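Chain by chain, the residues:
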Amino acid sequence: MNSLFAAAQACIATAQLDEKVTATHSAAAAWRDRALTLVDEQAPQSFAAAGRPEQINVVRAAQVAKRGVASPEAKAALLHAIAHIEFSAVNLAWDAVYRFRGMPEAYYDDWVRVADEEATHFGLLRERLRAHGFDYGDFPVHDGLWNMAGKTAHDVLERMALVPRVFEARGLDATPAIIARLRQAGDEQTVAVLEIIQRDEVGHVAIGTRWFQYCCAQRGVESLSTFRDLIRKHFGGKLRGPFAYEARRSAGFSEEELAMLDALAAET
């Protein structure tokens with residue numbers, strides 16, 4: 001296998017957890033060494049389910065287990081939910097590589113790096129789950145992230161706008177409060193993991209910002225109004241605050257975008 005696109009497709013399709021993580025790290029290393037190319041005679045296949053273990057129980061968001069730190073099981077459910085986000089993010093990053101052809105080489109550098117880091121995040125969270133006596137697959141999950149990937153599979157601009165800059169940016173907003181709760185509960189090991197993830201996720205959202213702005217410039221469209229229109233299209237123009245302003249600024253959000261998000265939140 002010498003095509004980055006074929007390697008990305010293989011990583012997405014892999015269902016076994018350890019194998020997906022290992023394959024991701026191996027493919028990322030091969031790309032960094034330029035042992036993989038951007039040549040692939042096969043067009044991307046239609047968007048489909050990503051590989052995952054059979055025991056993963058996918059339910060509606062309202063059916064996901066209650067999460068918190070009040071009990072060991074509630075804390076495990078919280079860690080499981082975050083682990084599922086990171087697992088999904090591995091597949092999302094590889095799909096951003098696999099699906100969208102003809103982008104600059106730097107685009108693939110960025111999203112391969114994201115896949116590599118998300119696989120590391122998943123491994124760290126899975127270790128913390130196991131330390132609490134649980135494992136990935138022990139709680140139900142919902143597929144909101146992957147569903148949005150399907151809705152944006154036709155357009156790299158929409159993907160860059162909505163997956164990193166809406167869904168993943170929401171993690172920038174939520175993680176500091178989770179860290180505070182876990183620190184209060186005395187779980188400094190998990191806090192250390194989440195601090196790594198928060199640091200890296202700022203970079204991931206910034207990558208989404210970079211390529212969203214690139215796509216807007218290529219098409220001659222204004223980025224603020226385009227972002228607002230896509231939020232209206234996919235979310236009914238409603239997003240919940242509060243927002244982590246400094247983290248979002250570090251990830252490339254402009255003051256105008258932050259003001260727009262505040263206005264939308266006020267209407268929710």
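Notes on the structure in this doc start here. (Residues numbered from 1 in each chain as written. Predicted model: local features only at pLDDT ≥ 70, side-chain atom pairs only at ≥ 80, totals over all residues. Heavy atoms only, no water.)

### Digging into the overall build of the protein
Helices and strands together make up the secondary structure of the protein, namely ten helices and zero strands. Listing each helix as α and each strand as β along the protein from the N terminus yields α-α-α-α-α-α-α-α-α-α. Computed over the C-alpha atoms, the radius of gyration of the protein is 18 Å, within 12% of the 18 Å expected from 2.2 N^0.38 for a compact globule of 268 residues. Along the first, second and third principal axes, the C-alpha set of the protein runs to 50 × 45 × 30 Å. Expressed as a percentage of its 268 residues, the buried residues of the protein come to 52%. Considering only contacts in the protein between residues 6 or more positions apart, those separated by 24 or more positions represent 79%. In the form shown here, the protein has an accessible surface area of approximately 12200 Å², with 51% of it arising from carbon and sulfur atoms. Mean positive and mean negative side-chain charge positions of the protein (30 and 36 charges, respectively) differ by 5 Å. (Helix = DSSP H or I, 4+ residues; strand = E, 2+ residues; numbered from the N terminus. Rg over C-alpha atoms; globule rule 2.2 N^0.38 Å. Buried < 20%, exposed > 50% of the residue type's maximum accessible area, 1.4 Å probe, protein only. Contact = heavy atoms within 4.5 Å. Areas by Shrake-Rupley, 256 points an atom, 1.4 Å probe, with all protein chains shown as cover. Lys, Arg positive; Asp, Glu negative; His and termini not counted. Charge placed at Lys NZ, Arg CZ, Asp CG, Glu CD.)

### Here we look at the environment of D116
Within the secondary structure layout, D116 lies in helix α4 (residues 105-131). Spatially, the C-alpha atoms of D116 and G237 are 33 Å apart, while their sequence positions differ by 121 residues. D116 has contacts with T24, H25, A28 and R32, leaving out every residue within four places of it along the chain.

### A word on the nonpolar core
One finds W94, Y107, W111, F227 and L261 to be the most contacted residues of the largest nonpolar core, which totals 86 residues. A per-element tally of this core places helix α3 (residues 72-99) first, with 14 residues. Among residues more than four places away in sequence, those in contact with Y107 are A96, F100, V156, M160 and W211. (Core = buried A, V, L, I, M, F, W, Y, C linked by side-chain atoms within 4.5 Å.)

### Section: the state of the cysteines
Summed over all chains, the structure comprises zero disulfides. Among the cysteines around C216, which has no disulfide bond, C215 carries the closest sulfur, lying 7.1 Å off. (Disulfide = S-S within 2.5 Å.)

### Some remarks on empty space enclosed by the protein
Here the structure, examined in full by the defined rule, presents three cavities of 30 Å³ or more. The space that makes up the largest cavity amounts to roughly 70 Å³. A50, G51, R52, H84, F87, S88, N91, D143 and W146 together form the lining of the largest cavity. Of the residues belonging to the lining of the largest cavity, the class tally is three nonpolar, four polar and two charged. Approximately 60 Å³ is the volume found for the second largest cavity. (1 Å grid on protein atoms, 1.4 Å probe; cavity = no way out; pocket = protein on both sides within 12 Å on 5 of 7 lines; lining within 4 Å. Points joined across faces, edges and corners; volume = space filled by probe spheres on them. Nonpolar A, V, L, I, M, F, W, Y, C, P; charged D, E, K, R; others polar.)

### Description of the layout of surface pockets
Roughly 180 Å³ of internal volume is contained in the second largest pocket. What lines the second largest pocket is a set of 14 residues, and nearest its centre among them are I12, S46, A48, A49 and R99. Every element with two or more residues in the lining of the second largest pocket is listed here: α1 (4-13) and α3. The residue makeup of the lining of the second largest pocket, split by class, is eight nonpolar, four polar and two charged.

It is worth stressing that arrangement in space is one thing and function is another; only the former is reported here.
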